[in-house]
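# A closer look at the structure
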Amino acid sequence: MVSSSSFFLCCVVIFAAVFVTSEAQLTPNFYEKVCPEALPTIKGLVEKAIEKEPRMGASLLRLHFHDCFVNGCDGSVLLADTANFTGEMTAFPNNNSIRGFEVIDEIKAAVNSACGNLVSCADILAVAARDSVAKLGGPSYKVLLGRQDSLNASWMDANTNLPAPFLNLTGLLTSFASKNLNLQDLVVLSAAHTIGLAQCATFRTRIYNDTNIEPSFQADRQRICPPVIGTGDNTTVALDGTPFNFDNAYFNNLLAQKGLLHSDQELFKHDFSAADFLVRRYSTFPEAFMKDFGDSMIKMGNLKPPTGAKSEIRMNCSRIN
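Please read these numbers as outputs of a predicted model, since none were measured by experiment. (Residues numbered from 1 in each chain as written. Predicted model: local features only at pLDDT ≥ 70, side-chain atom pairs only at ≥ 80, totals over all residues. Heavy atoms only, no water.)

## Focus on the overall build of the protein chain
The helix and strand tally for the protein chain stands at 14 helices and four strands. Here the C-alpha atoms of the protein chain give a radius of gyration of 20 Å, agreeing with the 20 Å that 2.2 N^0.38 yields for 321 residues. C-alpha atoms of the protein chain, sized along the principal axes, occupy 65 × 45 × 35 Å. Nonlocal contacts in the protein chain, meaning residues at least 24 apart in sequence, comprise 77% of its contacts between residues at least 6 apart. Accessible surface, the protein chain as shown: approximately 14200 Å² in total, 58% of it carbon and sulfur. Distance from the positive charge centre (27 side chains) to the negative charge centre (32 side chains) of the protein chain: 1 Å. (Helix = DSSP H or I, 4+ residues; strand = E, 2+ residues; numbered from the N terminus. Rg over C-alpha atoms; globule rule 2.2 N^0.38 Å. Contact = heavy atoms within 4.5 Å. Areas by Shrake-Rupley, 256 points an atom, 1.4 Å probe, with all protein chains shown as cover. Lys, Arg positive; Asp, Glu negative; His and termini not counted. Charge placed at Lys NZ, Arg CZ, Asp CG, Glu CD.)

Next up, the structure:
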């Protein structure tokens, strides 16, 4: 049961949220006093969801990434369409692709029950991503908290802001630089592809057109993904050989020219570039990858909504209050 003081605080937060921006300084202990049950509740439900379906860990991590890259980490990716805007769910990089909404809804209901409406959907996405990585064997980095939820979403911005799997290295660097993320961030965050699956439509061009691809790997993927667009588009294969273990196998795949996506293999071209150096480093020193991945996730998690954007803490993650 929520105490009277907690209920009052909840009301104050809700009332104030729509009149402030989401630019407050984030802190790892944001919920320590107002709702100490929040983080354990999220962790428990994330672990339960992954135990039920191991793929869900990658899906929750991807939700956080797709949220942050479109106008900051503000939970906009979770908003359903309204009369005033078309949301991000049906944008080309997201349509029939991003998933895990039911897990986020379950978590939100649980933290609302434990705390009142104090925990933002954007924070839930950030914590769920971290807990997913940790559950699958990756680092348990500190998540900075205190985000608020946006009052709108943008289908167009999702189409233009999210880096496509067909981009070359220059395009990837430009996309990341627009978010104040550098080459190292690009390399370690791309390695989130060490877990999860990819649809045929995202790697068809690579397996039929690219030349920097290992022949047996190419032939195996061609058997799974036919060349005709619209045929088997949603068929999925693992992004690397250990899709449910968060490890550095992704980098070993790149060294062997077995990157599944064109954008993956663009990070390693045997040209002694800075990107090549990082791929070789992380393939040799997995502990360095784990540390740097956590650092880059924290950095990405600091991406803020546009200046002056109004926000709130949503009671239901799919709609504004």
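## Details of the UniProt feature "site: Transition state stabilizer" (unreviewed entry) in the protein chain
UniProt marks R62 with the feature "site: Transition state stabilizer" (unreviewed entry), using the numbering shown here. Along the polypeptide, R62 turns up in helix α3 (residues 56-68). Residue contacts for R62: discarding those within four places in its chain leaves P93, S97 and I98. (UniProt positions renumbered as here; feature names shortened; annotations may be inferred.)

## Describing the side chain of D247
Topologically, D247 is positioned in the loop between β3 (236-238) and α11 (249-255). With no salt bridge to any partner, buried D247 finds its closest opposite charge in R221, at an N-O distance of 13 Å. A distance of 2.8 Å separates a polar atom in the side chain of D247 from a polar atom in the side chain of T194. Within the local environment of D247, its side chain forms a polar contact with the side chain of T242, the two groups lying 2.8 Å apart. (Buried < 20%, exposed > 50% of the residue type's maximum accessible area, 1.4 Å probe, protein only. Salt bridge = Lys/Arg side-chain N within 4 Å of Asp/Glu carboxyl O. Polar contact = N/O pair within 3.5 Å; in protein donor to acceptor, adjacent residues only side chain to side chain.)

## Remarks on helix α10 (residues 215-224)
An α-helical turn contains 3.6 residues, so any two residues separated by three or four positions project in the same direction. Within α10 the residues assigned to the buried category are F217, Q218 and R221. Down the axis, α10 shows its buried residues gathered within 100° of arc, on one side only. In α10, the exposed positions angled more than 90 degrees off the buried face are occupied by P215 and R223. (Arc of directions from axis to C-beta.)

## Quick notes on the packing of aromatic side chains
Here the structure, examined in full by the defined rule, presents 12 aromatic pairs. An aromatic cluster is built from F246, Y250, F251, Y282, F289 and F293, whose rings are joined through pairwise contacts. (Phe/Tyr/Trp six-rings, centres within 6.5 Å; stacked < 30°, edge-to-face > 60°.)

## Here we look at the nonpolar core
Grouped together as the largest cluster of nonpolar side chains are 74 residues, with contacts concentrated most on I104, L267, F289, F293 and M300. Top contributing element to this core by residue count: helix α5 (residues 121-135), with eight residues. Not counting residues within four places of it along the chain, the set of residues in contact with I104 comprises L60, L63, L78, I124, L125, A128 and C317. Listed in part, the 11 residues of the second largest apolar core include I213, V237, L260 and L261. (Core = buried A, V, L, I, M, F, W, Y, C linked by side-chain atoms within 4.5 Å.)

## Quick word on the state of the cysteines
Within the structure shown, the criterion is met by four disulfides. Covalent S-S linkage joins C35 and C115, the inter-sulfur distance amounting to 1.6 Å. One end of the pair, C35, is in the loop between α1 (4-17) and α2 (38-52); the other, C115, is in helix α4 (residues 101-115), and 80 residues separate them in sequence. The same class applies to C35 as to C115, namely buried. Here C121 is linked by a disulfide to C317, with a sulfur-sulfur distance of 2.1 Å. Between C121 and C317, the S-S dihedral sits near -100°, and the bridge is therefore left-handed. Residue C121 is found in helix α5, and its partner C317 is found in the segment after β4 (311-312); the two are separated by 196 residues along the sequence. A relative accessible area of 0% places C121 in the buried class. (Disulfide = S-S within 2.5 Å.)

## Some thoughts on the side chain of N253
Checked against the element boundaries, N253 lands in helix α11. Judged by its relative accessible area of 17%, N253 falls in the buried class.

## Notes on the domain arrangement of the protein chain
Annotation of the protein chain at the domain level lists domain 1 (37-162 + 305-312) and domain 2 (169-300). Relative to domain 2, the C-alpha centre of domain 1 lies at a distance of 23 Å. At the interface, 22 residues of domain 1 touch 19 residues of domain 2. Carbon and sulfur atoms make up 74% of the surface buried where domain 1 meets domain 2, a total of about 1800 Å² over both sides. For domain 1, the biggest contributors to the area lost against domain 2 are R55, F69 and L136; these three give 31% of the whole. Of all the elements in the fold, those that place two or more residues in the side of domain 1 that touches domain 2 are α3 and α5. (Domains from an automatic or database assignment. Buried area = accessible area lost by both parts, 1.4 Å probe.)

## Some remarks on unusual backbone geometry
Non-glycine residue N71 carries a positive phi angle of around 60°. Position of N71 among the secondary structure elements: in the loop between α3 and α4. The class of N71 is partly exposed, set by a relative accessible area of 25%. A positive phi angle, close to 55°, is found at N96, a residue other than glycine. When you line up the elements, N96 lands in the loop between α3 and α4. On the basis of relative accessibility, which here comes to 60%, the residue N96 falls in the exposed class.

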